[in-house]
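# Survey of secondary and tertiary structure
Chain by chain, the residues run as shown.
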Amino acid sequence: MEDDEDDFQDACDTEGPTPSCSMDLEAALAEAKLGVNLFFNNKFTEAEALMKPWATSSMYHSVGNSVFAYLEAMLTFEQQHIAAASDALKQCLTVCGRFRKKNTLTETIGKTFKKVNYDQYTDVEAHAELCTAEAMLLKAMLTFIEDETLTSLIKGGMKIRNCFAMYKECHNILTQRQWESESSRVHFESGVKMGLGTFNLMISLLPGRVIKLLEFIGFSGNKQSGMQDLVAGSQSLGIRQVLCVMTLLGYNLIVCYVLSHKEGDLNFCDDLLAKQLKQYPDGVWFLFFKGRLEFMKGNLDEALMWYKKSWKSQNVWPQFHHLCFWELLWVNCLRLDWRESLLFATYLVEHSKWSRTIYTYQKASIMCMMKRSDLTSTELRTLDGLMKEVPKYKQRIAGKSLPMEKFACKKTERFFAQQSFLYVPALELMYLWNLFKILGKHFPLADGVFRIVEENLNELEARQQKKASSPLTPYDVDNKALLLLLKGAILRQMNSPLQALKCLETVVSMFKDLKEDLYLVPYAIVEIALIYVDQGKKEQAILALEDAKRNYSGYSLESRLHFRIHTALIDLKGKSYENIPAGGD
């Protein structure tokens, strides 16, 4: 992969920091602000048309053009769009480079030994640093999908480190110089808040040993500082205000639910969305987040309405529909409407390129939730065919399989080993995607899922009793442990801690008899820890979490659980744990 951003030349490249065919900074910022408003009102074509003509000469137009290309690459995962985004970002870095402050050799050496005089930067040169940092971050993120080798991952990591250092330098520029224009300063500040806020927030979520490694190479992560920066940025009049809002919504409505057992701040999101939907009433992103907010509240009918509104609000990027379809699939699963869920699962299998393995397994899992008598002979053949196809699409990144894809492949092996049968696979996926906490919002939701688990558990136990005189089938213990884990997790959501503990402790006691699903035990221990948290038994909760973290390894989806353990321990132990992980981890 080409890695030299400086070799890209464009038609407007001239000597000196300010090309003759460029517009001035204030005009560029005003047009960029207009472009942002057009973009978030679904006027993607108009926004792109505004940015493109100046993309070879104005840094803000070039950044805007690059963002559009980057988003298209992320949404499609198609090689031509990835290449186009890479070219746009290379061009953007060249354009920004022409506006950056040119240091002499003496000044460069002097920066090492004495304090930098940031008043020597013009407003244009300051913004060039910020735009370069943003373009570098996007280029680094693109590196991870552009070339799936370990070398590219290292290159991407180094670019992100350089980008983080540039954001810190931009913070120095913001606070240590006199600004020529107040509006220029406001726009610059919103970009610094967004960049540093996002870095601090995301790094703070990583497990302790990863944070220690990142600190060694120059990163640091402070959640509180990150949140403060993003909230301040979301309240500013700067050009990147809306991006700060998007980051806060993404964190509170998606990241919290995927990487932790905590709730996001739903009231805060309500307030943010009320303001954004007033400004962008048909904006696809904010309609989507409104759907996600109602989903996390457990208001499934409202969630369906908002997701469908988001899906139907634009057709320029049909790939965005896939995000809505993913959510609609799971909303319908929680409603136990397997037929409706199957429609969205089918569409994702046929049209999305993100992970065919996961999509194929999800579709098959939903079909497994229906009674075989309710499936046509064609559908039964389709189910077998889907399970055979799951491993065919498995991806490898830097020589490693994606954990959820590996998990899906293992489950297809189990399906055929059990004569084309799996116990409640869609409920298992709902649990692993951390959707069970939504069940606790409305009793009927939890009760419906509980009844399915109980029915399968009774059926398994009745079958085992019939075979009491003969040995159990190889996976009977694994299947029973899965059903007990799900039952215990649902009972916790239904505020029945004693019954939940009984189920979960039984799962832990089955560890030595499990054939394959070793993940069930550490996940059960974490559920036990969360019951202790609910009961105010802080020390017992910490001990259980440390047990799950230290005494179990090599099981499926281990990293996913470690993220959740990490965030739970930070909450229980306080900030000191965030900086110095307990036990020297």
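Residues numbered from 1 in each chain as written. Predicted model: local features only at pLDDT ≥ 70, side-chain atom pairs only at ≥ 80, totals over all residues. Heavy atoms only, no water.

## Observations concerning the pattern of salt bridges
Going through the model one piece at a time under the given rule, you end up with 28 salt bridges. A salt bridge links R185 to E182; the shortest N-O distance between them is 2.8 Å. Of this pair, R185 and E182 both sit in helix α8 (residues 182–204), three residues apart, roughly one helical turn. A relative accessible area of 22% places R185 in the partly exposed class. With a closest N to O distance of 3.1 Å, R185 and E189 form a salt bridge. Of the two residues, R185 and E189 both sit in helix α8, four residues apart, roughly one turn of that helix. Through salt bridges with shared partners, a single network forms among K411, R414, E428, D478, E516 and D517. (Salt bridge = Lys/Arg side-chain N within 4 Å of Asp/Glu carboxyl O. Helix = DSSP H or I, 4+ residues; strand = E, 2+ residues; numbered from the N terminus. Buried < 20%, exposed > 50% of the residue type's maximum accessible area, 1.4 Å probe, protein only.)

## Considering the nonpolar core
Core analysis: the largest hydrophobic core is formed by 192 residues, its most contacted members being Y60, F286, F295, W330 and L427. Residues contacting F295, with those up to four places away along its chain left out, are L300, A303, Y307, E327, W330, V331, L334, L435 and I438. (Core = buried A, V, L, I, M, F, W, Y, C linked by side-chain atoms within 4.5 Å. Contact = heavy atoms within 4.5 Å.)

## What about the packing of aromatic side chains?
Tallied over the entire structure, the rule returns 31 aromatic pairs. Centroid distance F40 to F286: 5.7 Å. Interplanar angle 35°. Geometry classified as tilted. Of this pair, F40 sits in helix α1 (residues 25–40) while F286 is found in helix α13 (residues 284–297), placing the two residues 246 residues apart along the sequence. The buried category is assigned to F40, whose relative accessible area is 5%. Take F286: its relative accessible area is 0%, and that puts it in the buried class. When the ring centre of Y121 is taken as origin, the NZ or CZ atom of K101, which lies over that ring, is 5.9 Å away. (Phe/Tyr/Trp six-rings, centres within 6.5 Å; stacked < 30°, edge-to-face > 60°. Lys NZ or Arg CZ within 6 Å of the ring centre and 35° of its normal.)

## Remarks on the confidence of the model for the protein chain
Confidence in the prediction of the protein chain, expressed as mean pLDDT, is 87, and 86% of residues score 70 or more. When the elements of the protein chain are averaged for pLDDT, helix α28 (residues 575–579) gives the smallest value, 42, and helix α24 (residues 497–509) the largest, 98. Here residues 1–20 is a poorly scored stretch, pLDDT under 50, and it has 40 contacts once near neighbours within four places are set aside; other chains count. The model gives residues 576–585 a pLDDT under 50, and that stretch makes 23 contacts with residues more than four places away or in other chains. (pLDDT = per-residue confidence, 0-100.)

## Points about the environment of S234
Within the secondary structure, S234 sits in helix α10 (residues 223–234). Within the structure, the side chain of S234 is placed 2.7 Å from the backbone oxygen of V231, a separation counted as a polar contact. (Polar contact = N/O pair within 3.5 Å; in protein donor to acceptor, adjacent residues only side chain to side chain.)

## Things to note about the state of the cysteines
Taken as a whole, this structure holds zero disulfides when the rule is applied. The thiol of C131 is not disulfide-bonded; the next cysteine sulfur, from C96, is found 4.9 Å away. (Disulfide = S-S within 2.5 Å.)

## Focus on helix α2 (residues 44–51)
Among the residues of α2, F44, A47, L50 and M51 are the ones counted as buried. For α2, the angular spread of buried residues about the axis comes to 125°, placing them on one side. (Arc of directions from axis to C-beta.)

## Overview of the side chain of N252
Relative to the assigned elements, N252 resides in helix α11 (residues 241–259). Setting aside anything within four residues of it in sequence, one finds N252 in contact with M227, Y257, G264, D265, F268 and C269.

## Here's the deal with the packing of helix α23 (residues 476–493) against α24
Where α23 meets α24, the axes come as close as 8 Å, and the angle between the chain directions of the two elements is 155°. It follows that α23 is roughly antiparallel to α24 by the angle criterion. The two elements α23 and α24 meet at a crossing, and its hand is left-handed. Between α23 and α24, the contacting residues are A481, L484, L485, K487, G488, A489, L491 and R492 on the first element and Q499, A500, C503, L504, T506 and V507 on the second. Residues belonging to the contact of α23 with α24 are distributed by class as follows: nine nonpolar, three polar and two charged. (Axes fitted to C-alpha atoms, helices over the stretch in contact; angles between N-to-C directions. Parallel < 35°, antiparallel > 145°, perpendicular 65-115°, else oblique. Left-handed = near helix turned anticlockwise from the far one by under 90°. Nonpolar A, V, L, I, M, F, W, Y, C, P; charged D, E, K, R; others polar.)

## Topic: the packing of helix α25 (residues 520–534) against helix α26 (residues 538–550)
Between two packed helices, what matters for the description is the angle formed by their axes and the separation of those axes. Two numbers describe how α25 lies on α26: the axes approach to 8 Å, and their chain directions differ by 165°. Accordingly, the angle class assigned to the pair α25 and α26 is roughly antiparallel. Read as a crossing pair, α25 and α26 show a hand that is left-handed. Where α25 approaches α26, its residues P522, I525, V526, A529, Y532 and V533 are matched on the opposing element by Q540, A541, A544, L545, D547 and A548. Taken together, the residues of the contact of α25 with α26 sort by class into 10 nonpolar, one polar and one charged.

## Remarks on helix α18 (residues 377–389)
Counted at 1.5 Å a residue, the expected span for α18 with its 13 residues is 18 Å, and the 19 Å between its end C-alpha atoms agrees. Along α18, the residues classified as buried are E379, L383, L386 and M387. Buried residues of α18 fall within an arc of 95° about the axis and therefore sit on the same side. Exposed residues on α18 whose side chains face more than 90 degrees from its buried face are R381 and K388. Looking at the packing, one finds that the buried side of α18 touches α16 (338–351), α17 (356–368) and α19 (403–417). (Expected span 1.5 Å × (residues − 1).)

## Let's talk about the side chain of Q276
In this structure, Q276 sits in helix α12 (residues 266–279). In terms of polar contacts, Q276 uses its side chain to reach the side chain of Q241, at 3.3 Å. Those residues in contact with Q276, other than ones at most four positions away along the chain, are Q241, V242, V245 and F286.

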